[in-house]
Amino acid sequence: MQSILLIGLFATLLFCFGFLSFVAQSKMQFRTNCLKKSVELQRQIIKSEKVLFALNPLSTALQTRYDSTQAELVTASAANNYPAVIKLEADLIKIRLDQLKLDTLQKSIINSSQIMVTTSLLQLTNNFHLDSQRLNKLWTGFLDIFFVIYFPNKTIIAVRAASSGVAPNYELTSQYKSSQKVAFVWQMKYWTRNETQKLLSSENQFELSCQALPNKNGDQWSIEI
Amino acid sequence: MNRKGQAFIEATLLLAIVTVSSLFLVRLGLQLQNEIVLDDLMEEALICKLQKKVACLSDFKKNLHAVNFKMVQASDESSTDLARIYVKATSGFNITTILQSELKLDLSVN
């Protein structure tokens, strides 16, 4: 009888050690994956923003041309120079059309990046969940284990128009780090199943998070973790 | 007499098995505890290295001493986007744990 009790005690201890090891492994796996994937996603967002900001000189040039043509048009109108007025009006329409094309391009870059971010966040959350579930198969006979993985903030492309009008210059918002943060929270909750509770009753919860933030210093971009 | 002798031998054997098993289990538990603590602190140190902060290794050693590790030897073999730390630490019960951990993460944007 005493031997059986001892064997039971040893088996329980071994079970606890094994589970402890599993929890540590799960945490480690999540943190490493989460960091890598968050950094990769942040890098993709920054690349899109770099493409958007690279269009700023063109935006400025078009607006400057539009303003100067408009000034010339006022002068030509005052001088009753009708041939010049007709030509300048045609120029203005052409410049405005170019601005509209640029505006469409700028907005499509922002929108497609935002869609990519939202899709990636959902996909990554799902992948992290599947990875965590894969590890816990061994324990499902004894324990009920639940993983909750979520992104605490909605990551947005933190850019704003620097001026009003068509095809403006774009710049980062003042709170770009927090708005554009890619972050995930991992929670694991477990408790012993009904049959196991007769021998050992246990319930606990662990939480872990990771994040990747953009950082712009002059023209240099980097990612903070 | 024979039966008493046999019972004594059996009891001694059982006691020896129980003692050895208990010691083994305690050692296993302590080893596991050490590894979990070390892993956790090493990961913090690796992230610290990748963030290009200074004094990551000395902070790591301080943290190890704070959780009762003695005779800590730690070396850092990090490069630009790879942080690698090697550690040999002995806990209060003279259990030595040797671990090496690395994290490869490129934080630059080109």
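Quick note: structure is the one above.
Peer 1: I would appreciate a short explanation of the overall build of chain A in the present structure.
Peer 2: Along chain A, the regular secondary structure elements total five helices and six strands. When the helices and strands of chain A are placed in sequence order, the string is α-α-α-β-β-β-α-β-α-β-β. A globule of 225 residues ought to have a C-alpha radius of gyration of about 17 Å, yet chain A, at 29 Å, is considerably larger. Out of the 225 residues in chain A, the part that is buried amounts to 39%.

Peer 1: Honestly, the sheet that holds strand E1 (residues 69-76) of chain B in this entry has me stumped. Any pointers?
Peer 2: The strands that make up a sheet are held in pairs by hydrogen bonds between backbone atoms, and each pair lies either parallel or antiparallel. All names here are of chain B. In space, the three strands of this open sheet follow the order E1-E2-E3, with antiparallel pairing throughout. Each edge of the open sheet carries a strand with a single partner, namely E1 and strand E3 (96-104). Between one strand axis and the next, the sheet turns by 15 degrees as a mean value, whatever way the strands run. Bridge analysis of strand E2 (residues 82-91) against E3 gives nine bridges, and the strand direction is antiparallel.

Peer 1: Would you mind going over a nonpolar patch on the surface with me for this structure?
Peer 2: On the surface, Leu14 of chain A together with Phe24 and Leu28 of chain B cluster together into a nonpolar patch covering about 270 Å² of accessible area. Looking at where Leu14 of chain A falls in the secondary structure, it is placed in helix H1 (residues 2-54). Judged by relative accessible area, Leu14 of chain A falls into the partly exposed class, the value being 42%.

Peer 1: Before we go on, may I ask you to explain the state of the cysteines in this structure?
Peer 2: A covalent bond between the sulfur atoms of two cysteines is referred to as a disulfide. Residue and element names in this part refer to chain A. Here the structure, examined in full by the defined rule, presents two disulfides over all chains. Linked covalently through their sulfurs, Cys34 and Cys210 form a disulfide whose S-S length is 1.8 Å. The sign of the S-S torsion, about -70 degrees, decides the handedness of the disulfide formed by Cys34 and Cys210: left-handed. Note that Cys34 is positioned in helix H1 and Cys210 in strand E5 (residues 203-217), a separation of 176 residues in sequence.

Peer 1: Sorry if this is basic, but what is going on with the interface of chain A and chain B here?
Peer 2: By a widely used convention, the size of an interface equals the accessible area lost when the partners come together. Taken together, the contact between chain A and chain B spans 23 residues of the former and 23 residues of the latter. Of the roughly 2100 Å² buried between chain A and chain B on both sides combined, carbon and sulfur atoms contribute 72%. Area buried by chain A at its contact with chain B is led by Phe10, Phe17 and Ile225 of chain A, which between them contribute 27% of it. Taken together, the connections running from chain A to chain B amount to two salt bridges. Arg43 of chain A is the salt-bridge partner of Asp106 of chain B, the closest N and O atoms lying 3.9 Å from each other.

Peer 1: When you look at the packing of helix H2 (residues 56-78) of chain A against helix H3 (residues 82-135) of chain A in this model, what are you seeing that I'm missing?
Peer 2: In a pair of packed helices, the angle between the axes and the distance between the axes together describe the arrangement. Residue and element names in this part refer to chain A. For the pair H2 and H3, the least separation of the axes is 9 Å and the interaxial angle reads 160 degrees. The orientation of H2 with respect to H3, classified from their angle, is roughly antiparallel. For the element pair H2 and H3, the recorded crossing hand is left-handed. Contact residues: H2 offers Leu58, Ser59, Leu62, Gln63, Arg65, Tyr66, Thr69, Gln70, Glu72, Leu73, Ala76 and Ser77, while H3 offers Ala84, Val85, Leu88, Glu89, Asp91, Leu92, Ile95, Arg96, Asp98, Gln99, Leu102 and Gln106. Classifying every residue of the contact of H2 with H3 gives eleven nonpolar, seven polar and six charged.

About the cut-offs
Residues numbered from 1 in each chain as written. Chains lettered and ligands numbered in written order. Predicted model: local features only at pLDDT ≥ 70, side-chain atom pairs only at ≥ 80, totals over all residues. Heavy atoms only, no water. Helix = DSSP H or I, 4+ residues; strand = E, 2+ residues; numbered from the N terminus. Rg over C-alpha atoms; globule rule 2.2 N^0.38 Å. Buried < 20%, exposed > 50% of the residue type's maximum accessible area, 1.4 Å probe, protein only. Pairing = 2+ DSSP bridges. Axes fitted to C-alpha atoms, helices over the stretch in contact; angles between N-to-C directions. Patch = residues over 30% accessible without salt bridge, like charges linked within 9 Å, V, L, I, M, F, W, Y side chains within 5 Å. Areas by Shrake-Rupley, 256 points an atom, 1.4 Å probe, with all protein chains shown as cover. Salt bridge = Lys/Arg side-chain N within 4 Å of Asp/Glu carboxyl O. Disulfide = S-S within 2.5 Å. Contact = heavy atoms within 4.5 Å. Buried area = accessible area lost by both parts, 1.4 Å probe. Parallel < 35°, antiparallel > 145°, perpendicular 65-115°, else oblique. Left-handed = near helix turned anticlockwise from the far one by under 90°. Nonpolar A, V, L, I, M, F, W, Y, C, P; charged D, E, K, R; others polar.

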